[in-house]
Amino acid sequence: MASTAHPAKRKGEPGAVPALDPALRAALVQYLLRLGDDRLVLGHRLSEWCGHAPILEEDIALANIALDLIGEATLFLRLAGETEGAGRDEDALAYLREAIDYRNVLLVELPRGDFAVTIVRHFLFGVAAYYQLEGLTRSTHPALAGIAAKALKETRYHVRHAGEWLLKLGDGTAESHGRAQAALDDLWRYTGEMFLTDAVDEILVGAGLVPDLAPLEAPWRAQVTDVVRRATLRVPESGYMQRGGRVGRHTEHLGHLLAEMQILQRSNPGATW
Amino acid sequence: MVTRPGGDVVTAAGTAEPIWGVLDQVMDPEVPALSVVELGIVRDVEVDDEGRVTVAVTPTYSGCPAMRVIERDIVAALGAAGWPEVTVRTVFSPAWTTDWIGEAARAKLAAYGIAPPPPADVIRDGESPDLVPLRRREPRVRCPYCGSSATTERSEFGPTVCKAVMFCEHCRQPFERFKAI
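Read on for an overview of the structure. (Residues numbered from 1 in each chain as written. Chains lettered and ligands numbered in written order. Predicted model: local features only at pLDDT ≥ 70, side-chain atom pairs only at ≥ 80, totals over all residues. Heavy atoms only, no water.)

All right, on to the overall build of chain B then. From N to C terminus, chain B includes three helices and nine strands. Its helices and strands taken in sequence order, chain B reads β-β-α-β-β-α-β-α-β-β-β-β from the N to the C terminus. Counting the 181 residues in chain B, one finds 48% classified as buried. (Helix = DSSP H or I, 4+ residues; strand = E, 2+ residues; numbered from the N terminus. Buried < 20%, exposed > 50% of the residue type's maximum accessible area, 1.4 Å probe, protein only.)

What follows is about unusual backbone geometry. Geometrically, the link from Ser93(B) to Pro94(B) is a cis peptide bond, its omega value of -5° lying close to zero. With respect to the helices and strands, the residue Pro94(B) is situated in the loop between strand S5 (86-90) and helix H3 (103-112). Even without glycine at this site, Thr232(A) takes up a positive phi of about 60°. Mapped onto the elements, Thr232(A) comes out in the loop between helix H9 (217-230) and helix H10 (252-267). With a phi close to 55°, Arg172(B) is a non-glycine residue in the positive phi region. Within the fold, Arg172(B) resides in the loop between strand S8 (163-168) and strand S9 (173-178). Residue Arg172(B) is classed as exposed on the basis of its relative accessible area of 53%.

With that settled, consider the packing of helix H1 (residues 22-47) of chain A against H10(A). To characterise two packed helices, one gives the angle between the axes of the helices and the distance between these axes. Residue and element names in this part refer to chain A. One way to put it is that H1 packs onto H10 with a least axis distance of 11 Å and a crossing angle of 75°. The angle between H1 and H10 places the two elements in the roughly perpendicular class. Packed against H1, whose contacting residues are Leu 40, Val 41, His 44 and Arg 45, the element H10 presents His 253, Leu 254, Leu 257, Glu 260 and Met 261 at the interface. (Axes fitted to C-alpha atoms, helices over the stretch in contact; angles between N-to-C directions. Parallel < 35°, antiparallel > 145°, perpendicular 65-115°, else oblique. Contact = heavy atoms within 4.5 Å.)

So, on to H1(A). Residues and elements named next belong to chain A. Its 26 residues give H1 an end-to-end C-alpha distance of 37 Å, which sits within 8% of 38 Å, the value for a rise of 1.5 Å per residue. Counted residue by residue, H1 has 20 buried out of 26 residues, so it is predominantly covered. Looking at where H1 begins, the residue whose side-chain oxygen comes 3.0 Å from the main-chain nitrogen of Ala 23 is Asp 21. (Expected span 1.5 Å × (residues − 1). Polar contact = N/O pair within 3.5 Å; in protein donor to acceptor, adjacent residues only side chain to side chain.)

Below, the discussion takes up the pattern of salt bridges. Residues and elements named next belong to chain A. Taken as a whole and assessed by the stated rule, the structure comprises 22 salt bridges over all chains. Of the charged contacts, one joins Asp 198 and Arg 34 as a salt bridge, the two residues approaching to 2.7 Å between their closest N and O atoms. Of this pair, Asp 198 sits in the loop between helix H7 (174-187) and helix H8 (199-206) while Arg 34 sits in helix H1, and the two are 164 residues apart along the sequence. For Glu 48, the salt bridge identified is with Arg 112, shortest N-O distance 3.2 Å. Residue Glu 48 is found in the loop between H1 and helix H2 (56-84), and its partner Arg 112 is found in the loop between helix H4 (106-109) and helix H5 (115-136); the two are separated by 64 residues along the sequence. (Salt bridge = Lys/Arg side-chain N within 4 Å of Asp/Glu carboxyl O.)

A separate point is the packing of aromatic side chains. Tallied over the entire structure, the rule returns seven aromatic pairs over all chains. A cation over an aromatic ring shows up here: Arg112(A) above the ring of Trp49(A), its NZ or CZ 5.4 Å from the ring centre. A cation over an aromatic ring shows up here: Lys179(B) above the ring of Tyr157(A), its NZ or CZ 4.7 Å from the ring centre. (Phe/Tyr/Trp six-rings, centres within 6.5 Å; stacked < 30°, edge-to-face > 60°. Lys NZ or Arg CZ within 6 Å of the ring centre and 35° of its normal.)

Residues and elements named next belong to chain A. Contact pair H1 / H2: the axes reach a minimum separation of 7 Å and the direction vectors enclose 160°. The orientation of H1 relative to H2 falls into the category roughly antiparallel. Every pair of crossing elements has a handedness; the one defined by H1 and H2 is left-handed. When grouped by side-chain class, the residues that make up the contact of H1 with H2 number 18 nonpolar, five polar and five charged. (Left-handed = near helix turned anticlockwise from the far one by under 90°. Nonpolar A, V, L, I, M, F, W, Y, C, P; charged D, E, K, R; others polar.)

Time to look at the environment of Pro269(A). Residue and element names in this part refer to chain A. Turning to its location among the elements, Pro 269 is positioned in the segment after H10. Judged by relative accessible area, which is 67%, Pro 269 ranks as exposed. When the C-alpha atoms of Pro 269 and Leu 96 are compared, they prove to be 9.4 Å apart, with 173 residues separating the residues in sequence.

So, about the pairing of strand S3 (residues 42-47) of chain B. All names here are of chain B. As paired elements, S3 and strand S4 (residues 53-57) share five bridges and run antiparallel to each other. The residue bridging Asp 44 from the neighbouring strand is Ala 56, located in S4. Where S3 folds back onto S4 in an antiparallel hairpin, the turn is made up of five residues, including Gly 51, whose phi is positive at roughly 85°. (Pairing = 2+ DSSP bridges.)

As a further point, take the sheet that holds strand S6 (residues 114-115) of chain B. In a beta sheet, neighbouring strands pair by backbone hydrogen bonds and run either parallel or antiparallel. Residue and element names in this part refer to chain B. Ordered in space as S6-S9-S8-S7, the four strands form an open sheet in which the pairing is mixed. Each of the sheet's edge strands pairs with one partner strand only, and the pair in question is S6 and strand S7 (151-155). Relative to S9, S6 runs parallel, the two sharing two bridges. Across the sheet, the residue bridging to Ala 115 is Arg 177, located in S9.

Quick look at the interface of chain B and chain A now. As a measure of interface size, the accessible area lost when the parts come together is often cited. Listed by partner, the interface residues are 42 residues for chain B and 43 residues for chain A. Across the chain B/chain A interface, buried area totals approximately 3900 Å², and carbon plus sulfur atoms make up 56% of it. Taken as a group, Arg68(B), Leu131(B) and Phe157(B) account for 21% of the area that chain B buries against chain A, more than any other trio of residues on that side. Ionic pairing is found between Glu156(B) and Arg160(A), a salt bridge with its closest N-O pair at 2.4 Å. Counting across the interface, chain B meets chain A through eight residue pairs in polar contact (both at pLDDT 80 or more). (Buried area = accessible area lost by both parts, 1.4 Å probe.)

Moving on, we get to a nonpolar patch on the surface. A contiguous nonpolar surface patch, about 350 Å² in accessible area, is contributed by Ile263(A), Leu264(A) and Trp273(A). On the secondary structure map, Trp273(A) appears in the segment after H10. (Patch = residues over 30% accessible without salt bridge, like charges linked within 9 Å, V, L, I, M, F, W, Y side chains within 5 Å. Areas by Shrake-Rupley, 256 points an atom, 1.4 Å probe, with all protein chains shown as cover.)

Here you go:
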């Protein structure tokens, strides 16, 4: 997110935003908020490690990945604002919405926990993000497909990073193994929400704008299972799955995160630096 | 093609040529060995018959914090060279790849102390991705200082998002490598 006044005039790609009927446009705004909010909130959570990671290289890596995610969030939220057409830019969407208006999955807003929680969460989210972005590269919406293609390349690096750490933690010491398994067991119930679909998905899938998420759960599960087993860990049993983030019903943790993230713009509206 | 009001036609490429020359002097703020043209991030230059310039730029990474500095530098350099009205347009498709960095630019990178990127890994349509390979086959990276191939990767995420941290076992020197993307 940038709040600096900028001398260069900006304009989007000509023809990149197709004309859409109102119902489709409203659904697309919601979908773009989901994509943007997932990345903004997870990026913020990862940025909390800056200065606190177990080793210097990891500190830099997590900050790098946070930067990628916040960059991707900027692009998705900017497109959401342009599609909505109500004059909100990416900064207004990030800094001036209440928790109830955020559309991220609950998984990404949970506290960062220990290093195992951060790595397991990032792996579970990253693999799902990979398949969703891969589907979005075939969107009939040129701007959306372009952003997805960009983000897909970055996501491959993120997943590999988290996956390699998962192998090290799971197949490491008794302590790291125990913590990785506990993280997996705790977070598993939040994974189902990543593949839930509703009326927003239905109308957009029908128009060829986005991929259907439901069929992506099988390849996600196969990838996750493969790495979890190689890490000598156990895939938890799927039982009740938490949900609510996509419609604004969040855990108490999101409000605290937003308080920290938004305080500058809330207390000094329009501040630039 | 640009049609002048008088009716004579000049090619856009001919008019844009000096602009490309100016842009080739605008260095990347984080990799000052390369210009934004050599880096492959300037995708298109258009100039209309009023002399208004539009430069299309694609980001290296979506969170690259240097993008705004690059835009500002482009506007400033063209302003100083006699094009006061410049619009910088951001394009995302096709996504930037390190394969767009040419041979001469790669040599400059190495001379600057940054190992150039290996060819980007492309996933073909329908191919099942090996997202977490058990054993990665990294191409041999030569140390930009001593030329030794006895190098190891310390971290895939370096001081900037586009670079990894390497270590040369021969001259015991850490160095940066441009990541393939």
